[in-house]
Amino acid sequence: MRAALTTFGRSAFAIVAGSLLVTSGCAGPRPLPSYVTSTTDDPKYPRSRFIVEVASSTQSEGDAELQARAKLAADISAELTAETSSFLQESGNKESQSASVEVKQRTRFERADLIAISDHAEVSGTYYARAVLERAKADAEYSRAQKADLVTFTQYSETAQQAADHGKPGEFATAKGHAMKLRPALEATFIVRRALLGHPSEDERQYFATRDALLKAAAQSEAYRVVEVRIEGAPAPELLQLTVAAVRKLGLRVAENQTCAQVTDHAADATELVVSPEETCSEGSLGEKCEVAVRLHARGCLGGGEGEGRTQQMRGIHPSERERARTAAWKHVNAEVVESAVGAALRGAQVVDCSAASGC
């Protein structure tokens, strides 16, 4: 009887052991995490609210996390490229080439700290990591960063509109110039926010409305703005020609040899620029010597600011002929010299914002 029980016990042990071996052999490797294999939206991190990226590494868990962060940042960079093109196209001809270039240069994602690692796992020696970025949270960070500039832009735009409505071109030009300096940074941030949110923000829509109203007022002002250029004193056709060219280089219309009294339409947008040649000749130890300079005075025809520009004193010398000394001195008064003086005069009269205009 005891022998039979012993035989039975050994048989039962063999059966159980065999079953364990079979079960162990059929277990197979651990399954991959669902966030690696699934092609459907994860309810925990829906793509409408999160930007998600998964990466793997055979080196370490840290390397997998690093790769996931890098892939997510690359996704944002690709989206920025597309959104930049879309944004500038929507701006149409309201964007100058230089402004577009500056916006592109400033458009970049610099908040990698907003990318978090939500999950990581190791399966058969391979490490997996999931990186996520919460769209609304990231947008809120960028919104806070641009808030001060956006408020300032709006204030300058409103000031410019009020100046335009009351016929104050000088004040309009100054306020508009301050507002325009803020545009590249603001618009670059709006593009980043588009890429993060997946659509334009409400702030952007309000900004577009304010900006486009300012640009419309600027276009109307430029259509009426004219600079009345005249020479005071002896005729100087070459100097007049240089001055007219300098004013046109600033994008302004010119009326030659006219005064404010001759302006009949939109006098509030007209500016008088008086060019006064200054010349002194004498006989010196080296012969005939002439020193010349040009003074330019700008003032609004209906009040506003006044500005003055002056060239440096130029000298010409000739052993015996004064006219040749005079000619030599005036040769130094070239386009570059006149452009600088014109820019100073018109800047003082608040006709142009020379910090953002060529030729000043």
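About the thresholds
- Residues numbered from 1 in each chain as written.
- Predicted model: local features only at pLDDT ≥ 70, side-chain atom pairs only at ≥ 80, totals over all residues.
- Heavy atoms only, no water.
- Phe/Tyr/Trp six-rings, centres within 6.5 Å; stacked < 30°, edge-to-face > 60°.
- Helix = DSSP H or I, 4+ residues; strand = E, 2+ residues; numbered from the N terminus.
- Buried < 20%, exposed > 50% of the residue type's maximum accessible area, 1.4 Å probe, protein only.
- Disulfide = S-S within 2.5 Å.
- Pairing = 2+ DSSP bridges.
- Axes fitted to C-alpha atoms, helices over the stretch in contact; angles between N-to-C directions.
- Contact = heavy atoms within 4.5 Å.
- Expected span 1.5 Å × (residues − 1).
- Arc of directions from axis to C-beta.
- Core = buried A, V, L, I, M, F, W, Y, C linked by side-chain atoms within 4.5 Å.
- Parallel < 35°, antiparallel > 145°, perpendicular 65-115°, else oblique.
- Left-handed = near helix turned anticlockwise from the far one by under 90°.

1. Some details on the packing of aromatic side chains
For the structure on display, the rule yields six aromatic pairs. Here the aromatic rings of Phe190 and Tyr207 are separated by 5.2 Å at their centres, their planes lie at 40 degrees, and the arrangement is tilted. Here Tyr207 lies in helix 7 (residues 202–224) and Phe190 lies in helix 6 (residues 169–197), a separation of 17 residues in the sequence. According to the relative accessible area criterion, Tyr207 is buried, its value standing at 2%. Taken together, Phe87, Phe153, Phe190, Tyr207 and Phe208 form an aromatic cluster joined through their ring pairs.

2. A short note on unusual backbone geometry
Non-glycine residue Ser124 carries a positive phi angle of around 50 degrees. Even without being glycine, Asn257 reaches a positive phi, approximately 55 degrees. Mapped onto the secondary structure, Asn257 falls in the loop between strand 5 (253–256) and strand 6 (270–284).

3. Comments concerning the state of the cysteines
For the structure on display, the rule yields two disulfides. Between the sulfur of Cys260 and that of Cys301 lies a disulfide, 2.0 Å long from S to S. Given an S-S torsion of about -75 degrees, the disulfide between Cys260 and Cys301 has left-handed geometry. Highlighted residues: Cys260 in the loop between strand 5 and strand 6 and Cys301 in the loop between strand 7 (287–300) and strand 8 (306–310), separated in sequence by 41 residues. An identical accessibility class is assigned to Cys260 and Cys301; each is buried.

4. Some points on the sheet that holds strand 3 (residues 126–134)
Pairing between sheet strands relies on hydrogen bonds along the backbone, with the strands arranged either parallel or antiparallel. What the three strands build is an open sheet, ordered 1-3-2; its pairing is antiparallel. With partners counted over all chains shown, the strands left at the sheet margins are strand 1 (50–57) and strand 2 (116–123), one partner each. If you compare each strand with its neighbour and ignore which way they point, the axes differ by 15 degrees on average. Both strand 2 and strand 3 contribute to a ladder of seven bridges, which runs antiparallel. Each bridged residue has a counterpart across the sheet, and for His120 the counterpart in strand 3 is Ala129. The sheet strands contacting helix 5 (residues 135–165) are strand 1 and strand 3, and the helix crosses strand 3 at an angle near 55 degrees.

5. Considerations on the pairing of strand 7
Along strand 7, eleven of the 14 residues are buried, which leaves the element largely enclosed by surrounding structure. Of the strand pairs in this sheet, strand 6 and strand 7 are connected by 14 bridges, and their pairing is antiparallel. In the strand pairing of strand 7, Leu273 is matched with Ala298. Counted between consecutive antiparallel strands, the loop separating strand 6 from strand 7 contains two residues. With five bridges connecting them, strand 7 and strand 8 associate as antiparallel partners.

6. Quick notes on the environment of Ala140
Along the polypeptide, Ala140 turns up in helix 5. Remark: the alpha-carbon pair of Ala140 and Arg193, spanning 53 residues in sequence, is separated by 9.0 Å.

7. Quick word on helix 8 (residues 237–249)
Taking 1.5 Å as the rise per residue, helix 8 with 13 residues should run 18 Å; its terminal C-alpha atoms sit 18 Å apart, in good agreement. Those residues of helix 8 that sit buried are Leu239, Leu240, Thr243, Val244, Ala246 and Val247. Buried positions in helix 8, seen along its axis, are confined to an arc of 160 degrees and lie on one side of it. Exposed residues pointing more than 90 degrees away from the buried face of helix 8 are listed as Pro237, Glu238 and Gln241.

8. A short note on helix 7
Look at helix 7: 34 Å from first C-alpha to last across 23 residues, which is about the 33 Å you get at 1.5 Å a residue. Glu204, Tyr207, Phe208, Arg211, Leu214, Leu215, Ala217, Ala218 and Ser221 are the residues of helix 7 that are buried.

9. Regarding the nonpolar core
The nonpolar side chains of a soluble globular protein tend to be buried with one another. Counting 37 residues, the largest nonpolar core has Ile76, Phe109, Leu133 and Leu196 as the members making the most contacts within it. Secondary structure elements with two or more residues in this core: strand 1, helix 3 (61–91), strand 3, helix 5, helix 6 and helix 7. With ten residues, the top contributor of residues to this core is helix 6. Discounting residues that sit within four places of it in the chain, Ile76 has contacts with Ile51, Phe109, Leu133, Ala195 and Leu196. Judged by nonpolar contacts, the second largest core, of 31 residues, contains Val244, Ala246, Leu250 and Ala349.

10. Regarding the packing of helix 8 against helix 10 (residues 335–348)
The N-to-C vectors of helix 8 and helix 10 enclose an angle of 60 degrees; their axes lie 9 Å apart at closest approach. By the angle between their axes, helix 8 is oblique relative to helix 10. The hand of the helix 8/helix 10 crossing is right-handed. The segment helix 8 lies against helix 10, with Leu239, Leu242, Thr243, Ala246, Val247 and Lys249 engaging Ala335, Val338, Glu339, Val342 and Leu346.

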